[in-house]
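Listed here are the chains, written in short residue letters.
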Amino acid sequence: MSAPAETEIAIVGAGIVALSCALELVQSGRTVTLVAPEDDESGASYGNAGVIADYAVMPVGTPDVLRNLPRLLFDRDSPLAIRPAAVASLTPWLLRFMRESLPRRAEANAQAIAALLAPTPSAWAAMAAQIGARSLLKPLGSLYLFETEAERRAADFRAYRRHGVAVEEIGRDELGQLQPGLPTGIGAGAAFFPNTVTVNDPKEVLRLLRSNVRAAGVEHLQAKVDRIERVRTGVQLTGHGLTLRARKVVLAAGAWSRPLAAMAGDQVPLDTERGYHLEYDGIAPFIRQMTPVSRGFYFCPMAGRLRVAGTVELGGLHAPPSPHRWAALERGARAILPDLPEPSRRWMGFRPSLPDSRPVIGPSQGGGDVIHAFGHGHLGLTLAPVTARIVTALVSGNTPETDITPYLPSRF
Ligand SMILES: Cc1cc2nc3c(=O)[nH]c(=O)nc-3n(C[C@H](O)[C@H](O)[C@H](O)COP(=O)(O)OP(=O)(O)OC[C@H]3O[C@@H](n4cnc5c(N)ncnc54)[C@H](O)[C@@H]3O)c2cc1C
């Protein structure tokens, strides 16, 4: 039998988190190998809304969401729905989610998210400069659109400010100046996050990251990891046609990380919030990214097209996409833009989500030779460069700039 291939650091995954870690690690002088199936468009990193969401301090679970949960979950058109067939298997995750939505927990989760968001703008700017992606970043801010007076009155601007987020209250009249394409009569006002930067093509960011890490010497083994085990000389990854030994392994396989984390010694309640998008080629109705708050999706101006992305469906990793969810997204988009044509394409992907909306970042409880970097939920694009800095510090035995206690797998 031939000897297994060897590397210093193996990273499981090839989405935005894994690639950002590979870039930072290879720049710190490490020999890095990525292990993931062939590049495709199934990862959440391809189909997201492209927002570097510096304002998104609120966890998904809040007292407000908790109050409305039954109505939200069982209304098939709501922005947060559950597939009926998945109710039984998701009950443990939902119960934890409900507990995390209680006021004190939700506030602690918001603080944990805010601590990761604080260094995000500078970390993203540095990464974009390194990979030649600066022109893909649009510093135009982001709008939360209130469609009714009641929504405007209910908006809690203080909660954002308490966490240091810059936000401006925009009246009906100013809305038209900030978003000239908005049809007259739509919108009672908005929250404007002036410092938010959006990515106008997540796929292009991935391509640039891939080509940069490849040029820096990172090998990509195209294989699915079925097993992680500690052996005498390090950590061994195995899969179909794969036997790779590494000194350290970074687990960054997004929504698919749970069984691999368990093999490394950590039981984490990772599940998925399925998200959907529609794309409309050749149209640019809006100049800046905008979310009609009650609908749970974003209008995302992207290179050569409009993407309408978002909503949450709890439904696990295996069920096919629900055509009904695309139809609901389309109806919601047409409520704001009645003249939208037929979508050019449709997509569904898997956010890797923990019930407390915090990622899992840090050494495995089974030993520091496996480092976790998954579970970024709604914020993986945003938090990838900061995660990469933390992972690189941990690999080098240094103390990360951000206190990682709130993200450790031992919190469960
Ligand atoms: C509709 C939607 C909108 C979103 N909008 C935003 C947004 O605006 N801003 C934001 O910050 N975030 C957003 N997100 C969330 C963000 O996209 C995710 O958090 C992020 O992409 C997760 O990245 P990842 O690298 O962890 O996982 P993924 O991109 O899913 O990558 C997982 C990787 O692991 C690999 N893999 C899986 N199993 C194995 C295995 N067994 N062995 C080896 N490799 C494996 C896969 O092939 C893939 O390469 C959105 C998500 C959705 C769905």
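## Observations regarding the site of the ligand
Here is step 1: The local shell around the ligand holds 36 residues, among which S45, V51, V225, G377 and T382 are the closest.
Here is step 2: Separating an oxygen atom of the ligand from a backbone N or O atom of V17 is a distance of 3.2 Å.
Here is step 3: At 2.6 Å, a side-chain N or O of T382 approaches an oxygen atom of the ligand.
Here is step 4: Protein contact buries 95% of the 1000 Å² of open area that the ligand shows by itself.
Here is step 5: Looking at the shell around the ligand, the elements with two or more residues in it are α1 (16-27), β2 (32-36), α2 (44-47), β14 (271-281), β18 (345-353) and α13 (380-395).

## Structural notes on the packing of aromatic side chains
Here is step 1: A full pass over the atoms with the stated rule returns 11 aromatic pairs.
Here is step 2: For the pair Y144 and F193, a centre-to-centre distance of 5.3 Å together with 80 degrees between the ring planes defines the contact as edge-to-face. Placement of Y144 in strand β6 (residues 142-146) and of F193 in strand β8 (residues 189-193) is noted, with a sequence separation of 49 residues between them.
Here is step 3: Between Y160 and F193, the aromatic rings sit 5.0 Å apart at their centres with planes inclined by 70 degrees, giving edge-to-face as the arrangement. Within this pair, whereas Y160 is found in helix α8 (residues 157-162), its partner F193 is found in strand β8, the two being separated by 33 residues in sequence.
Here is step 4: Grouped by ring-pair contacts, the aromatic residues Y55, Y144, Y160 and F193 constitute a single cluster.
Here is step 5: When the ring centre of Y46 is taken as reference, the NZ or CZ atom of R307 above it lies at 5.6 Å.

## Here's the deal with the side chain of T238
Here is step 1: Mapped onto the elements of the fold, T238 is located in strand β12 (residues 234-239).
Here is step 2: Owing to a relative accessible area of 17%, T238 belongs among the buried residues under this scheme.

## Quick word on the domain arrangement of the protein chain
Here is step 1: In terms of domain boundaries, the protein chain breaks down into domain 1 (5-45 + 203-269 + 357-411) and domain 2 (57-87 + 137-200 + 270-353).
Here is step 2: The C-alpha-based centres of domain 1 and domain 2 are spaced at 29 Å.
Here is step 3: On the side of domain 2, 16 residues touch domain 1, which itself brings 19 residues to the contact.
Here is step 4: Interface area, domain 1 with domain 2, both sides summed: about 1400 Å², of which 64% is carbon and sulfur.
Here is step 5: Ranking the residues of domain 1 by area buried against domain 2 places A255, S357 and H378 at the top, with a combined share of 35%.
Here is step 6: Across the contact surface, domain 1 and domain 2 share 0 salt bridges.

## Looking at the nonpolar core
Here is step 1: Ranked by internal contacts, the top residues of the largest apolar core, which has 70 residues, are I11, W124 and V391.
Here is step 2: Each of domain 1 (5-45 + 203-269 + 357-411) and domain 2 (57-87 + 137-200 + 270-353) gives at least three residues to this core.
Here is step 3: Once you skip the residues sitting within four places of it in the chain, I11 turns out to touch A18, C21, A22, L25, V32, T33, L34, V35, V250 and A252.
Here is step 4: In terms of nonpolar packing, the next biggest core, distinct from the first, is built from 26 residues, A255, L306, W326 and L337 among them.

Parameters at a glance
- Residues numbered from 1 in each chain as written.
- Predicted model: local features only at pLDDT ≥ 70, side-chain atom pairs only at ≥ 80, totals over all residues.
- Heavy atoms only, no water.
- Near = heavy atom within 4 Å.
- Polar contact = N/O pair within 3.5 Å; in protein donor to acceptor, adjacent residues only side chain to side chain.
- Areas by Shrake-Rupley, 256 points an atom, 1.4 Å probe, with all protein chains shown as cover.
- Helix = DSSP H or I, 4+ residues; strand = E, 2+ residues; numbered from the N terminus.
- Phe/Tyr/Trp six-rings, centres within 6.5 Å; stacked < 30°, edge-to-face > 60°.
- Lys NZ or Arg CZ within 6 Å of the ring centre and 35° of its normal.
- Buried < 20%, exposed > 50% of the residue type's maximum accessible area, 1.4 Å probe, protein only.
- Domains from an automatic or database assignment.
- Contact = heavy atoms within 4.5 Å.
- Buried area = accessible area lost by both parts, 1.4 Å probe.
- Salt bridge = Lys/Arg side-chain N within 4 Å of Asp/Glu carboxyl O.
- Core = buried A, V, L, I, M, F, W, Y, C linked by side-chain atoms within 4.5 Å.

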